Amino acid sequence: TTSIGKIANSLKKQNKKAYKLIRNIDNELGNWLEGLCIFMTIQLIEYTFLFWVVGHPNWLLLGLLACVTTVIPYFGGWITNIIAVILASVVSPKLFIATLIICFIFPNVDGYIISPRVYGKTNNVKPLWTLFAVTVMGGLLGLFGILFSLPTYLVLNCIFQFYKEDIKEKIE
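On a predicted model such as this, the values are computed, not experimentally measured, just so you know.

About the thresholds
- Residues numbered from 1 in each chain as written.
- Predicted model: local features only at pLDDT ≥ 70, side-chain atom pairs only at ≥ 80, totals over all residues.
- Heavy atoms only, no water.
- Phe/Tyr/Trp six-rings, centres within 6.5 Å; stacked < 30°, edge-to-face > 60°.
- Buried < 20%, exposed > 50% of the residue type's maximum accessible area, 1.4 Å probe, protein only.
- Patch = residues over 30% accessible without salt bridge, like charges linked within 9 Å, V, L, I, M, F, W, Y side chains within 5 Å.
- Areas by Shrake-Rupley, 256 points an atom, 1.4 Å probe, with all protein chains shown as cover.
- Salt bridge = Lys/Arg side-chain N within 4 Å of Asp/Glu carboxyl O.
- Lys, Arg positive; Asp, Glu negative; His and termini not counted.
- Charge placed at Lys NZ, Arg CZ, Asp CG, Glu CD.
- Helix = DSSP H or I, 4+ residues; strand = E, 2+ residues; numbered from the N terminus.
- Polar contact = N/O pair within 3.5 Å; in protein donor to acceptor, adjacent residues only side chain to side chain.
- Contact = heavy atoms within 4.5 Å.
- Expected span 1.5 Å × (residues − 1).
- Bend = angle between axes of the 7 residues up to and from the residue.
- pLDDT = per-residue confidence, 0-100.

**Concerning the packing of aromatic side chains**
Applying the stated criterion to the full structure yields 6 aromatic pairs. Between F144 and F148 the ring centres are 4.7 Å apart and the planes differ by 50°, which places this aromatic pair in the tilted class. Judged by its relative accessible area of 52%, F144 falls in the exposed class. F148 sits in the partly exposed class, given a relative accessible area of 40%. Every member of this aromatic cluster is reached through a ring pair, and the members are W129, F132 and Y153.

Written out as structure tokens, the structure reads:
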């Protein structure tokens, strides 16, 4: 047994409620990480292919950048799009227009279709709460807060739901 397994077994013996809460939090964060990895892979394939099709000279770099900046909710895609448009503007007007079209259409497809489906299957995260978490954490801790806004929201929501159920059980 690993040291984490020993700690988990010890906690399970000492305090079953705490163990259940920790297990729920671990499950939520694991689901979020799984969804993030799936979405990052989709972003990598999608943007690499799109920029390759329009003939962008930095198609692979932009695909990788789209993948990596996915960890920054809402704002990560802007970073890739701004860089793509700037680079395309110095190559040719035709590439500039094609890149603009990609940058206007596909973030909406990702944000309104792909992302909700991926995270809807892994975590039940409502977009309004996500935006609220990103805004509050970004205001408090800047970029660091934005990066950790979704995991923080998931942990706090998990704790809230756990105690809400606990109180409900005691009332009944």
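Now that the structure has been shown, the text picks up again.
**Brief notes about a positive patch on the surface**
Where like charges cluster on the molecular surface, the positive patch consists of K12, K16, K20 and R23. Among the elements that make up the positive patch, the one with the highest residue count is helix α2 (residues 16-53) (3 residues). Among the secondary structure elements, K20 is positioned in helix α2.

**Some thoughts on the side chain of T70**
Within the element layout of this structure, T70 appears in the loop between α3 (59-68) and α4 (76-89). Since its relative accessible area comes to 13%, T70 is described here as buried. Engagement of the side chain of T70 in a polar contact is seen with the backbone oxygen of C67, the distance being 3.2 Å. When residues no more than four places from it in sequence are discounted, the contact partners of T70 are L36, F39, M40 and Q43.

**Comments concerning helix α6 (residues 127-147)**
Spanning 21 residues, α6 covers only 16 Å between terminal C-alpha atoms, well under the ideal 30 Å at 1.5 Å per step. Where α6 bends most, at L141, the angle is about 145°. Of all the residues in α6, the buried ones are T130, A133, V134, M137, G138, G145 and I146. Contact partners of the buried residues in α6: α7 (149-171).

**Structural notes on the confidence of the model for the chain**
Taken as a whole, the chain shows an average pLDDT of 87; of its residues, 97% reach a score of 70 or greater. Here helix α1 (residues 3-14) is the element of the chain with the lowest mean pLDDT, 72, and α3 is the one with the highest, 95.

**Considering a nonpolar patch on the surface**
A cluster of nonpolar side chains, contributed by W129, F132, V136, L140, L141, F144 and F148, occupies part of the molecular surface with about 740 Å² of accessible area. Its location among the elements puts W129 in helix α6. Under the relative-accessibility criterion, W129 is labelled partly exposed at 46%.

**Details of the side chain of N81**
Position of N81 relative to the elements: it lies in helix α4. Under the relative-accessibility criterion, N81 is labelled buried at 9%. In this structure N81 touches Y47, C103 and P107, once residues within four positions along its chain are discounted.

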